[in-house]
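A structural walkthrough
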Amino acid sequence: MKNLVISLSVLLLATGYCVRTANAAPPDIVLEGHTDTVRSAAFSPDGTKIVTASEDNTARIWDAATGKELQKLEGHTHYVWSAVFSPDGKRIVTA
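Residues numbered from 1 in each chain as written. Predicted model: local features only at pLDDT ≥ 70, side-chain atom pairs only at ≥ 80, totals over all residues. Heavy atoms only, no water.

A short note on the pairing of strand E5 (residues 49–54)
Convention followed: Only protein chains enter the accessibility calculation, which uses a 1.4 Å probe; a residue is then buried when its area is under 20% of its type maximum, exposed when over 50%, and partly exposed in between. Secondary structure elements are defined from DSSP: runs of H or I of at least 4 residues count as helices, runs of E of at least 2 residues count as strands, and each element is numbered from the N terminus. In short, DSSP must find at least two bridges between two strands for them to pair.
Burial of E5 is extensive: five of the six residues sit out of reach of the surface. In this sheet, E5 lies alongside strand E4 (residues 38–43) in antiparallel orientation, the contact comprising five bridges. Within E5, the residue paired with Ala42 across the bridge is Val51. Linkage of E4 to E5, two consecutive antiparallel strands, is achieved through a turn of five residues, within which Gly47 is found at a positive phi near 80°. The sheet contact formed by E5 and strand E6 (residues 59–63) spans five bridges and is antiparallel. Paired with Val51 across the bridge in E6 is Ile61.

Quick word on the sheet that holds E4
What counts is decided by this rule: To get an axis, fit a line to the C-alpha atoms, keeping to the stretch in contact for a helix; angles then go from 0 to 180 degrees between the N-to-C directions.
Spatially, the four strands line up as an open sheet ordered E4-E5-E6-E7, and their pairing is antiparallel. Two strands close off the open sheet at either side, each with one partner strand: E4 and strand E7 (69–73). Ignoring strand direction, the axes of neighbouring strands in this sheet form an average angle of 15°.

Here is the structure:
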């Protein structure tokens, strides 16, 4: 299982591991669930959710405050390279 580590204080994105400098704060949240490399991550316009795209052929929606997985978007037959929210935050597009 691959983890996506998000640290809002140092703007760190990593998959499967976390690299920090000696002065960096610990990550704010860890998103656990993808089983392969995460290719993109984006916040919703209101900042309450995160959408991720992965080489495990899924996109996932997460609660940005807790890191809890809210929904797994399945159906791609190959890697999901990117996922973003619409400007109003009501829809997600994946590719």
